[in-house]
Amino acid sequence: MEALDYHAEERRKAEFNLDEMKIVWAGSRRNYELSDRVARLVASDPVFRKDNRTMLTRKDLFKDTLRKAAHAWKRIIDLRLSEEEANMLRSYVDQPAFTDLHWGMFIPAIKGQGTSEQHEKWLPMAYKMQIIGCYAQTELGHGSNVQGLETTATFDPQTDEFDLHSPTLTSSKWWPGGLGKVSTHAVVYARLITGGQDHGVHGFIVQLRGLDDHLPLPGITVGDIGMKFGSGAYNSMDNGLLRFDHVRIPRNQMLMRVSQVTREGKFVQSDVPRQLVYGTMVYVRQTIVSDASCALARAVCIATRYSAVRRQFGSQNGGPEIQVIDYKTQQSRLFPLLASAYAFRFVGEWLKWLYTDVTQRLQANDFSTLPEAHACTAGLKSMTTSVTADAIEECRKLCGGHGYLSNSGLPELFAVYIPTCTYEGDNVVLLLQVARFLMKTVSQLGSGKKPVGTTAYMGRAEHLMQCRCEVEMAQDWLKPSTILEAFEARAVRMSIACAKSLGKFSNPEDGFAELSPDLVEVAIAHCQLIVVSKFLEKLQQDIPGKGVKRQLEILCNVYALHLLHKHLGDFVATGCITPNQGALANEQLRLLYAQVRPNAIALVDAFNYTDHYLGSILGCYDGNVYQKLYQEAWKDPLNDTVVPDGYLEYLRPILKQHIRTARL
Ligand SMILES: CCCCCCCCCCCCCC(=O)SCCNC(=O)CCNC(=O)[C@H](O)C(C)(C)COP(=O)(O)OP(=O)(O)OC[C@H]1O[C@@H](n2cnc3c(N)ncnc32)[C@H](O)[C@@H]1OP(=O)(O)O
Ligand SMILES: Cc1cc2nc3c(=O)[nH]c(=O)nc-3n(C[C@H](O)[C@H](O)[C@H](O)COP(=O)(O)OP(=O)(O)OC[C@H]3O[C@@H](n4cnc5c(N)ncnc54)[C@H](O)[C@@H]3O)c2cc1C
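Rules of the game
- Residues numbered from 1 in each chain as written.
- Chains lettered and ligands numbered in written order.
- Predicted model: local features only at pLDDT ≥ 70, side-chain atom pairs only at ≥ 80, totals over all residues.
- Heavy atoms only, no water.
- UniProt positions renumbered as here; feature names shortened; annotations may be inferred.
- Buried < 20%, exposed > 50% of the residue type's maximum accessible area, 1.4 Å probe, protein only.
- Helix = DSSP H or I, 4+ residues; strand = E, 2+ residues; numbered from the N terminus.
- Pairing = 2+ DSSP bridges.
- Core = buried A, V, L, I, M, F, W, Y, C linked by side-chain atoms within 4.5 Å.
- Contact = heavy atoms within 4.5 Å.
- Salt bridge = Lys/Arg side-chain N within 4 Å of Asp/Glu carboxyl O.
- Disulfide = S-S within 2.5 Å.
- Near = heavy atom within 4 Å.
- Areas by Shrake-Rupley, 256 points an atom, 1.4 Å probe, with all protein chains shown as cover.
- Polar contact = N/O pair within 3.5 Å; in protein donor to acceptor, adjacent residues only side chain to side chain.
- Nonpolar A, V, L, I, M, F, W, Y, C, P; charged D, E, K, R; others polar.

- Labelled according to an unreviewed UniProt entry, the protein chain appears under the name Acyl-coenzyme A oxidase, originating from Hibiscus trionum.
- What UniProt records for the protein chain under Subcellular location (unreviewed entry) is the sentence "Peroxisome".
- As stated in UniProt under Sequence similarities (unreviewed entry), the record for the protein chain gives "Belongs to the acyl-CoA oxidase family."

Now the structure itself:
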C-alpha cells in the first residue's frame, strides 16, 4: 500500500529539480550523501529517541544525555566514522552535551593556542576521549569583558609551576558547558602573573577530576549551576561552576603559542598578535553561523508544512477551506524566513571559506586578515542568531495554537536556540566590535589605505555617497546591481554619518559610548550587505538542475527586498532611494511571494530533514498532522489514569462543598 502523503499535491506543484536543490543546500553531492546517510543512521537508532525528552526530570535527562553520548561514541568507533561524519552524527543526535564543548572548544583551543609539543601530549588523549575537556573562560562577575577576568595563574619559579587561584566570589568560573559534572580537564582562562606583574588573560590546561574515581582534585570545587530556560532544551548540558584554592599545575600547561613563560619566569610575547588567545571564539562563531541556517530551516520547515495542511475560512459551496499558506499575511511572514534560511546557508559556506583562509595565513605568520575575520565572524554570528531566535518564535505563531504544543518541536527548539544570542559573545557586544572595525575603516579612507574584503565597497564611498537609485518600475528591483548598490549606499552612508557624529566628541570613547545604539545599526546594515552580496555571488556560480537557479534567484530577491522593506527608514533617510522606490520594492516583493508559493513545500523538502531530526508532529514529512496530534495526546502521562492523582485530596473537597453548605 502506498504511504499516505498529505503534501503530495503540493510536491507535484514544484517547478524545480528537488534532488539538485538538496545538493545545493548540502554544499556538494558528497556532503549530501554523507549527511543523508548519517541522519538516517541516527533516526533509525532507538537509543537516539527524543520524543519523551521534555517529560524527563533534570537527572533523568542528564543520564539520558550521557547514555546517548556514550552510544554515539560507540557508533563512531564501530563504524569508523571520519571526523566530519562524527560531527554530523553528534549534530543529528540533537541533544546539547559535554561532547559539543570537548570537540568544539577544548580541542580547538589546544590546537589553536598550544605549541607542537603540547599538541603531541594532549591531542591524542583528547581525540580518544581518554580525557574530556571544556572551555572555562566566563566567570560569575565577567563574561563579555574578557580582560576583566579575575582568576589568577601566578608563576612560582621555585617549583616551576603555576598557582591557580580564585581570589573572589566573582572570580568563580560560571557557565562553561561540560564543566559541572563531566569534564576531567579544562582550558582555563586566567590572569598570568610573573614576578608580581600582570600580563593579562591566557589559557591553561588544568586537570579537574581524577581519571579513576572522577572526584575533584584537591583545591578544586566544581558543580552544576542549575536549571536553565525551558524544559528539556539546554538542561541536558551540565553548565558548571569552578573555584580554585591554590591549585598547582606544571609550567608547560600554559598554552604557549601566543606568549611564553621561561623556566626563570620571564614573560615572552611572540610576534603573533595577542588576540589569538581569542581564536577559539572566532572558530566557534563561524560554526554558529552555519548552525543558524540549520535551526532556521528547521523552524521554517515545520511552519511551511503545517501552513499547507492547516485550513481556515473561505469554504465555497461546501468545498475545502483555504490553506493558511495562501493568506498573503502568512506568506509575508513565512517566505522571508525561508529565504533567510537559504541566505544564511550560503553566507555560512562563505564564512567557512574565510575562516579556513585566515587559519592558513596565520600558520604562515600572515596576520593581515585577522581583523576582517574577527569582524565578519562576530557580526554574522550576531545577526544570524538574532534573526533565527526571533524567527523560531514567529514560526510558532505561524502555527497558531498547535505551535504552542511541545510536540510541535518549536518550544524546545526556541529554548535550546536562544542562548546563541548570548554565548560566544553577547550579540550587542559583538556588533559594537564590528562598528569599531567599520569606524576604523572609515577613518582610514582619506589615508590612501584601500579597504579590502567585505569593506571594499567603502573604497567607492565617493560614488556611493551621491549615487541615485534608478528604479522606475517594480521589476527594476530584480536587477542584482540595483539591489547591491542600494545596500552598499545605505551601509556606507550610515557609517560615514556615524563617523561624522563621532568626530564631534573631544574624547572618541565618550562618543562611541554615546552613539552606541546608532553604531549597532550601522553594524547590522553592514552585515546585511554581506549576506545579500554573498547570496548574489552564489548565483554567479554554475548551478545545475531544472529550475534550481531560478528558485534561488527568487529567494535572493525576497531576502533583499524584505530587508529593504523592513528597514525602509534607513534607505530613505540616507537618501539611497525615494519613498516611491520603496513602495515599488514592496510591490515586487508581493509578486515574488506568489512565485515562491507553489515551490514552498519542495523548498523545505530540500533541507532533507528526517522526521526524527525535526522532532515535530506539525512538520512531519507526510503531513498527517491531525491523526498524529490526536494519538500523541493520549500518550501524555496525565492520561495514564482517567481520574487524576490529587482528585481525592484537592478536587473532591471543593466539588462536595455545596453538600456541606446545604447542610448548614
Ligand atoms: C562542529 C563543531 C561544533 C562546535 C560547536 C561548539 C559548541 C557550541 C556551544 C557554545 C557554548 C558557548 C561557549 C562560550 O560562550 S565561551 C565564552 C565566550 N565569550 C565571549 O565570547 C566573550 C566576548 N568578549 C570578547 O570576545 C572580548 O572581550 C571583546 C571582543 C568584546 C573585547 O575584547 P578586548 O577588550 O580584548 O578587546 P578590545 O575591544 O579592546 O579590542 C582590542 C583589539 O582586539 C581585537 N579583537 C577582539 N576580539 C578579537 C578576536 N576574537 N579576534 C581578533 N581580534 C580581536 C579588536 O578588534 C581590537 O583590535 P584593534 O581595534 O585594536 O585593532
Ligand atoms: C547556555 C550558555 C552556555 C555557555 N557556555 C559557556 C562555556 O562553555 N564557556 C564559557 O566560558 N562561557 C560560556 N557561557 C558564557 C557566555 O559566553 C557569556 O554569558 C556571554 O559571553 C555573555 O557575557 P555576560 O554573561 O557577561 O553578559 P553581560 O556582558 O553581563 O551582558 C549583560 C547585558 O549587558 C550588555 N553589555 C555588556 N557589555 C556591554 C558593552 N560594552 N556595551 C553595551 N552593552 C553591553 C549586554 O548587551 C547585555 O544586554 C555560556 C553562556 C550560556 C548562556
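1. Comments concerning the pairing of strand β3 (residues 161-165)
Next up, step 1: When you tally the buried positions in β3, you get 4 out of 5 residues, the bulk of the element.
Next up, step 2: Both strand β2 (residues 152-156) and β3 contribute to a ladder of 5 bridges, which runs antiparallel. Its bridge partner being in β3, threonine 152 is matched across the sheet by histidine 165.
Next up, step 3: Counting the residues between successive antiparallel strands, the hairpin from β2 to β3 contains 4 residues, one of them, aspartate 160, with a positive phi of roughly 60°.
Next up, step 4: As defined by bridge partners, β3 adjoins strand β9 (residues 247-250) across 4 bridges and the pair is classed as antiparallel. Counted as the bridge partner of aspartate 163 is arginine 248 from β9.

2. Focus on the nonpolar core
Next up, step 1: Judged by nonpolar contacts, the single largest core of 178 residues is most densely connected at Leu338, Tyr342, Trp477, Leu552 and Phe607.
Next up, step 2: Aside from chain neighbours lying at most four places away, what touches tyrosine 342 is Met21, Trp25, Phe535, Leu552, Leu555, Leu603, Ala606 and Phe607.
Next up, step 3: Among the nonpolar cores identified, the runner-up in size contains 23 residues, and Ala186, Ala190, Ile220 and Val222 belong to it.

3. Quick notes on the pattern of salt bridges
Next up, step 1: Summed over the entire model, instances satisfying the criterion amount to 40 salt bridges.
Next up, step 2: For arginine 58, the salt bridge is made with aspartate 224, and the minimal N-O distance between the two is 3.0 Å. Of this pair, arginine 58 sits in helix α4 (residues 58-78) while aspartate 224 sits in strand β7 (residues 220-224); the two residues are 166 residues apart in sequence, bridging distant segments of the chain.
Next up, step 3: Residue class for aspartate 224 comes out partly exposed when judged on its relative accessible area of 23%.
Next up, step 4: Between arginine 263 and aspartate 160 there is a salt bridge whose closest N-O contact spans 3.8 Å. In this pair, arginine 263 sits in the loop between β10 (259-261) and β11 (267-269) while aspartate 160 sits in the loop between β2 and β3, placing the two residues 103 residues apart along the sequence.
Next up, step 5: A relative accessible area of 36% means that arginine 263 is categorised as partly exposed.
Next up, step 6: A single network of salt bridges, built from pairs that share partners, joins Lys50, Arg53, Asp94, Arg298 and Glu412.

4. Here's the deal with the state of the cysteines
Next up, step 1: Here the structure, examined in full by the defined rule, presents 0 disulfides.
Next up, step 2: For the unlinked cysteine cysteine 527, the closest cysteine sulfur is that of cysteine 376, found at 7.8 Å.
Next up, step 3: For cysteine 527, a relative accessible area of 1% gives the class buried.
Next up, step 4: A disulfide-free cysteine, cysteine 620 has its sulfur positioned 9.9 Å from the sulfur of cysteine 301, the nearest such atom.
Next up, step 5: Its relative accessible area of 3% is what places cysteine 620 among the buried residues.

5. Things to note about the site of ligand 1
Next up, step 1: Near ligand 1 lie 26 residues; those nearest to it are Ser144, Gln147, Tyr278, Glu424 and Lys440.
Next up, step 2: Notes on ligand 1: free accessible area 1300 Å², of which the protein chains cover 77%.
Next up, step 3: Secondary structure elements with two or more residues in the shell around ligand 1: α6 (98-113), α8 (279-309), α10 (370-398) and α12 (427-443).
Next up, step 4: Tallying contributions element by element places α8 first for the shell around ligand 1, with 5 residues.

6. Description of the site of ligand 2
Next up, step 1: Tyr135, Thr138, Gly143, Ser144 and Asp426 are the nearest of the 20 residues found near ligand 2.
Next up, step 2: At 2.9 Å, a backbone N or O of tyrosine 135 approaches a nitrogen atom of ligand 2.
Next up, step 3: Contacts to ligand 2 include threonine 138, whose side-chain N or O atom sits 2.7 Å from a nitrogen atom.
Next up, step 4: Expressed as a share of its isolated accessible area of 970 Å², the protein-covered part of ligand 2 is 63%.
Next up, step 5: Top contributing element to the shell around ligand 2 by residue count: α12, with 3 residues.
Next up, step 6: For the shell around ligand 2, the class distribution of residues is 10 nonpolar, 8 polar and 2 charged.

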